[in-house]
Each structure stands twice: as C-alpha cells, then as structure tokens.
Amino acid sequence: MKLYDYVLSPSCYKVRLMAALIGVKLEIRPVDFHPGAEHLGPELMALNPAGSIPILEDGDLILTESTAMLAYLAAKAAPEWLGSGAPEETARIQQWLSFSHRLTASLGGARLHEMLLRPGDIAALQAQGIAALRELEAGLVEQGLRGMRFLASDRPTIADIACFPYVALAPDGGILLDPYPAIRLWSRAIRGLDDFIEMPGIHRLHELNPEPQIEPGAA
Amino acid sequence: MRDEWYPVGLFSQLDRNGRNTVLMGEPITVALDAEGAATVTSGSGRALPVRVRYGHVWSSLGNPRKELFAIPEADQPGRRFVDVGVVRVRCSPLRAVENFLDIAHFPFVHTDILGAEPHTEVEEYKVEIRKDEDEVWATQVKFYQPQAAKSANGGITTEYMYRVPAPTCSVLYKTCPPRPGEWDVITLFVQPLAEDLCDVWPWMALFDDATPMADLIHFQQTIFLQDRSILENQIPRLLPLDPGMEIPTRADLTSVAYRRWLKRHNYTYGAQLVAQ
C-alpha cells in the first residue's frame, strides 16, 4: 500500500496514524508539497485530478479522500474501528466523518495561512474553526454523559482519527485549545493509545513517573 | 539594523508578477525583471539593494556597509542544495535564531531524531566571538543523536559547529554521515516581518546523493515545525538582552554569547533591553 505523503499535512497524518494504530505497513512516497507544489505536477494530477494529497494506492484501487482511506484500512485490518454496527453509533461515525471536512476547511485553512502563507480570509477561517471546535466540545461532553470517552463509542473509531489531527494542530492557525476541556481530555485519550505516532506539532504524552507508594498511616 | 542583509524570498520561486512581503514593518515587493534578475522594491517605489545567494534573494532597507556573509561550502562541488521553503512563526526573529543554536532541547522536542532520553547531557564546548570576522562561533559541540540526518543509519554521536554571521542568520556545520571529514551545512535565514513575527527560510548544502529531494525537505521541515510550536509559546516574546529575566546554564553558552554580541552591536530589533 503506497501513500503519497506530506509530512506536515494533517490529512496525510490521519492515514499514517490509522495505519500505525492497527499495525498496517505503508510504503511512503514523500511529495514536495511545499515549497515545490509537486501535488500540482503532471504525475500526481494524473492520479488525482483534484490536486490534493494524500493519495493511497493499493493495486488497482486509488483513493483520494482521507476518510475513505481510514475506512479501507480499518475494513482490511481492524474492523472494530468501523464501530459495532449499532444504528446510533453508525450514524454518529458518519456524522463526525462528514464534520471532519469542516475542520479541514476552517482550522486547516487557518493553519496554512498562518504557517505556509497560503491566501485566505484569516478572520473568517478562525471564526469558522472556533464554531466547529465548540460543536465538537459539546459533542464530547454529551458523549461523556453517556459514559463514552470517544466521539461515537467508548472505544476509538475512524471518526476520532478523522477529527483529531486538525483539532490538535489548531494552535498552528492561531486558535488556542485552552477553552475546551473535553477536547483536551479526548486528545489525551487518543495520544495515549498503544502505537500512537506523532507529527510535528502533535507531541506524544510524556511518560509519567509511577505514583509514589505511600504506606497507610506513614505520613 | 536597517543596514543588514535579510532574506526575502526563494530565488527559484520568483516570477515577473512578484511577491509582496514585509521587511521590518515595511511592505516590499520581490520580483524578476525582464532579464531574469531579482529586484526588490520598497512600498514607496524605491529600488532596494539585492543579492542572490544560497538559493535566496537578499535585501536591505538601508545601505549595507558589509557584503553579505560568505559560506564557502556553497561553492564546493558535489553538494546538493535544498530549498526547504518558508515557514511563518509568531515569534521574535532573534528567538528563532537562538532556538537554532540550542542543543539541550533536542531529546525533548526532537525526540528520537536529534536526541533521546536518557542521553540529555550537553558536554562542554567552546564559544567565542571571533574578532576578525565579527561572528559568534560555537565549536566542539557533541551530542548523541538517534537519527542525525536523513543519510544516517541508527544513532551516532554528532559533532556540530554553530556560527552566527548576521543578527538573524545562523549557519550550522554538522557531521556528514556519508562523508566523514566533511561537514553538512544547514542554515536558518530569518526575515524579520515585525519584532514578534518572522518568516524563516531554512536552507541546506549537503553531501547526500542517495536521498530524494522531497525526503530531505520533509526531514528539515519536520525538525523546524517541532520547534515552531515551542517558539510561539516562549515568554517574553522578545529576546531579553539584559540578565534578570532568564537564568542561563552552562549548556546555554552559545545563547549567552549571541545575546552579548547583539547587545554590543546595539541590535535591538526583536529584543527586550531591561528585564521587566
């Protein structure tokens, strides 16, 4: 399975992260997105006329939407990431997968503007990003009331992976995550998953020292 | 400060339409003329001095008294030159340079690439302000690195030399895994947009015939973007040149010399003078 990849792209990172979490090996083909704009060159435009990355190639199958890549990886190697099949859970997964495109457009747009000098209306992008974060925060709080730590279930699904990277990188676009405690706990839960991998701007959890063992009555 | 040379764009990306950018608060336009030469124009239409070196276009708002600093390795045959591309950082241009000079953060920020716990000790190294060149130099810097370069296989103890030839530029010489005896050259050229905002243009001159260009770019962008989130959160935002605000340790000798050198030159753009 070959991934046309840009190391700073949150959408590419979704696919790398999903593959790492479920133990799928990817062949990485680095694309000079910035400064070279290789994704708009003839080789990649032939693969993906939309001119976006990531692109995932597996035999005859060519995928250009990161959401489809997450579903494909999970279906192949770890179907539990697609949810239990219960109607509400299925609906929530689809709801958040669609929602993740709003994060890409708003938070991702603000990040490209602030970091790589791409054109855009930064005030509008940040306002849309904040609106999306508030919606996500409310969704996670409601999940907490249902006793669930992740977006659609008590275990992570592809919906969490689809939403996580642009949210975690919101500060790159000048949007702080301080006002969103539920998002921060959720981010911590994802970063604490076995086989989690980082990308620049998303740090791993630092290993905590074991709690000191205090004997009862010793203080 | 207006008389220094500053990077204002990648030469390979220039076109006739030009690129609008900012230098120390003043809007400027960087473009190609009909003969294919780079031009830089101020907001009021004044033609500014231009140099094209090390993959970048350089300019100045004033009248540079010194020629742009030399990097002799840039003329050495067999090197590959890597235009890493611009990254904007909401920090003082001087903070960006200072962070580049620091080794102690490697295990914590560039974990498993440029450093790893428990190999956190910065051994003693030498720092001097060279009088003839008027540059800050740190030499005999050694550090254990899990993956020092794209061309490195496994962990090695890497040797570094750091050089600050201009207030917002630093040149790093580092062990070259495929060619012992030569140094890889990695630079950080910083374009000050404001005192707390800069465009950073990393550039490299490497001995590495094997690694595809996109991999080299990704490697350096990974490193720099790990720094970016740290840089944007440093307090105070301006670099303090007077003691009192921050307490350096022995590992910070290069930073101490850099700040002293800036102060000696009265270079205060992006700096904070009295500890607040």
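- By the naming in an unreviewed UniProt entry, chain A is Glutathione S-transferase, taken from Paramesorhizobium deserti.

### Quick word on the nonpolar core
Alright, step 1. Counting residues in each nonpolar core, the largest one holds 75 residues, and the members touching the most others are Tyr-162 and Tyr-258 of chain B.
Alright, step 2. Looking at this core, the element that brings in the most residues is helix α3 (residues 213–231) of chain B, giving seven residues.
Alright, step 3. Of all hydrophobic cores here, the second largest spans 54 residues; its members include Leu-26, Ala-159, Tyr-180 and Ile-202 of chain A.

### Notes on the interface of chain B and chain A
Alright, step 1. Taken residue by residue, the interface counts 25 residues in chain B and 21 residues in chain A.
Alright, step 2. With both sides pooled, the region where chain B packs onto chain A buries about 1900 Å², and carbon together with sulfur makes up 55% of that total.
Alright, step 3. It is His-218, Leu-225 and Arg-228 of chain B that lose the most area in chain B upon contact with chain A, and together they represent 27% of the buried surface on that side.
Alright, step 4. Connecting chain B to chain A are three salt bridges.
Alright, step 5. Notably, a salt bridge pairs Glu-114 of chain A with Arg-90 of chain B, separated by 3.5 Å at the nearest N-O pair.
Alright, step 6. For the pair chain B and chain A, the interface holds 11 residue pairs in polar contact (both at pLDDT 80 or more).
Alright, step 7. Of all elements in the fold, only β9 (87–89) and α3 of chain B reach the threshold of two or more residues within the side of chain B that touches chain A.
Alright, step 8. Ranked by residue count, the leading element in the side of chain B that touches chain A is α3 of chain B, at 10 residues.
Alright, step 9. Residue composition of the side of chain B that touches chain A, by class: eight nonpolar, eight polar and nine charged.

### Brief notes about the domain arrangement of chain A
All names here are of chain A.
Alright, step 1. Taken domain by domain, chain A holds domain 1 (2–80) and domain 2 (83–191).
Alright, step 2. Computed over C-alpha atoms only, the centres of domain 1 and domain 2 are separated by 20 Å.
Alright, step 3. Domain 1 puts 18 residues into the contact, and the matching count from domain 2 is 17 residues.
Alright, step 4. Surface buried jointly by domain 1 and domain 2 totals about 1500 Å² across both partners, of which 67% is contributed by carbon and sulfur atoms.
Alright, step 5. Of all residues in domain 1, the largest losses of buried area upon contact with domain 2 belong to Pro-10, Lys-14 and Glu-80, amounting jointly to 33% of the total for that side.
Alright, step 6. Our enumeration of links across domain 1 and domain 2 arrives at zero salt bridges.

### Some thoughts on the sheet that holds strand β5 (residues 47–48) of chain B
Residues and elements named next belong to chain B.
Alright, step 1. Read from one edge to the other, the open sheet built from four strands follows the order β2-β3-β4-β5, with strand pairing classed as antiparallel. If you trace the sheet from one side to the other, it starts and ends with β2 (19–23) and β5, each paired once.
Alright, step 2. Where strand β4 (residues 38–42) and β5 come together, two bridges link them in antiparallel fashion. When the sheet's bridge partners are listed, Thr-41 is paired in β5 with Ala-47.

### Some words on the packing of helix α5 (residues 122–145) of chain A against helix α7 (residues 181–191) of chain A
Residue and element names in this part refer to chain A.
Alright, step 1. At a minimum axis distance of 8 Å, the contact between α5 and α7 shows a crossing angle of 70°. With respect to α7, the axis of α5 lies roughly perpendicular. Listed contacts from α7 to Leu-133, Leu-136, Glu-137, Leu-140 and Val-141 of α5 are Pro-181, Ala-182, Ile-183 and Trp-186.
Alright, step 2. For the contact of α5 with α7, the residue count by class is eight nonpolar, no polar and one charged.

### Section: α3 of chain B
Alright, step 1. In this model α3 of chain B runs 27 Å from its N-terminal to its C-terminal C-alpha over 19 residues, within 8% of the 27 Å that 1.5 Å per residue would give.
Alright, step 2. Taking burial as the measure, the 19 residues of α3 of chain B include 17 buried ones, the bulk of the element.

### Quick notes on the domain arrangement of chain B
All names here are of chain B.
Alright, step 1. As assigned here, chain B comprises domain 1 (6–59) and domain 2 (77–272).
Alright, step 2. Between domain 1 and domain 2, the residue contacts involve 16 residues of the former and 15 residues of the latter.
Alright, step 3. Between domain 1 and domain 2 lies a buried interface of about 1300 Å² when both sides are counted; carbon and sulfur atoms form 66% of it.
Alright, step 4. Considering only the side of domain 1, the residues that lose the most area to domain 2 are Tyr-6, Pro-7 and Met-24, jointly responsible for 35% of the buried surface there.
Alright, step 5. Counting across the domain 1 and domain 2 interface gives one salt bridge.

### Re the packing of aromatic side chains
Alright, step 1. What the rule picks out here adds up to 18 aromatic pairs over all chains.
Alright, step 2. Between Tyr-54 of chain B and Phe-189 of chain B, the aromatic rings sit 6.3 Å apart at their centres with planes inclined by 35°, giving tilted as the arrangement. Of this pair, Tyr-54 of chain B sits in the loop between β6 (50–53) and β7 (56–59) while Phe-189 of chain B sits in strand β14 (residues 183–194), and the two are 135 residues apart along the sequence.
Alright, step 3. An aromatic cluster is defined as three or more aromatic residues linked by ring pairs; in this entry it consists of Tyr-54, Trp-58, Phe-69, Phe-81, Phe-189 and Trp-203 of chain B.
Alright, step 4. Over the ring of Trp-81 of chain A we find Arg-155 of chain A, and its NZ or CZ is 5.0 Å from the ring centre.
Alright, step 5. Sitting above the plane of the Trp-137 of chain B ring, Arg-130 of chain B keeps its charged end 4.1 Å from the centroid.

### Here's the deal with the sheet that holds strand β3 (residues 55–58) of chain A
Residue and element names in this part refer to chain A.
Alright, step 1. Taken in spatial order, the four strands line up as β2-β1-β3-β4 in an open sheet, and their pairing is mixed. Either end of the sheet is taken by a strand with one partner, and the two such strands are β2 (27–30) and β4 (61–63). Taking the axes of each pair of neighbouring strands and ignoring which way they run, one obtains an average angle of 20° across the sheet.
Alright, step 2. In this structure, β3 lies alongside β4, joined through three bridges in antiparallel fashion. Looking at β4, one finds that Leu-56 is bridged to Leu-63.
Alright, step 3. The sheet contacts of helix α3 (residues 66–77) involve β1 (2–5), β3 and β4, and relative to β3 the element is tilted by about 35°.

### Some points on the side chain of Arg-95 of chain B
Residue and element names in this part refer to chain B.
Alright, step 1. Position of Arg-95 relative to the elements: it lies in helix α1 (residues 93–101).
Alright, step 2. Given a relative accessible area of 3%, Arg-95 falls into the buried group.
Alright, step 3. Once residues lying within four places of it in the same chain are set aside, the contact partners of Arg-95 are Leu-231, Gln-234, Ile-235, Pro-236, Arg-237, Leu-238, Leu-239, Pro-240, Glu-246 and Arg-259.

What counts, and at which threshold
Residues numbered from 1 in each chain as written. Chains lettered and ligands numbered in written order. Predicted model: local features only at pLDDT ≥ 70, side-chain atom pairs only at ≥ 80, totals over all residues. Heavy atoms only, no water. Core = buried A, V, L, I, M, F, W, Y, C linked by side-chain atoms within 4.5 Å. Buried < 20%, exposed > 50% of the residue type's maximum accessible area, 1.4 Å probe, protein only. Helix = DSSP H or I, 4+ residues; strand = E, 2+ residues; numbered from the N terminus. Contact = heavy atoms within 4.5 Å. Buried area = accessible area lost by both parts, 1.4 Å probe. Salt bridge = Lys/Arg side-chain N within 4 Å of Asp/Glu carboxyl O. Polar contact = N/O pair within 3.5 Å; in protein donor to acceptor, adjacent residues only side chain to side chain. Nonpolar A, V, L, I, M, F, W, Y, C, P; charged D, E, K, R; others polar. Domains from an automatic or database assignment. Pairing = 2+ DSSP bridges. Axes fitted to C-alpha atoms, helices over the stretch in contact; angles between N-to-C directions. Parallel < 35°, antiparallel > 145°, perpendicular 65-115°, else oblique. Expected span 1.5 Å × (residues − 1). Phe/Tyr/Trp six-rings, centres within 6.5 Å; stacked < 30°, edge-to-face > 60°. Lys NZ or Arg CZ within 6 Å of the ring centre and 35° of its normal.

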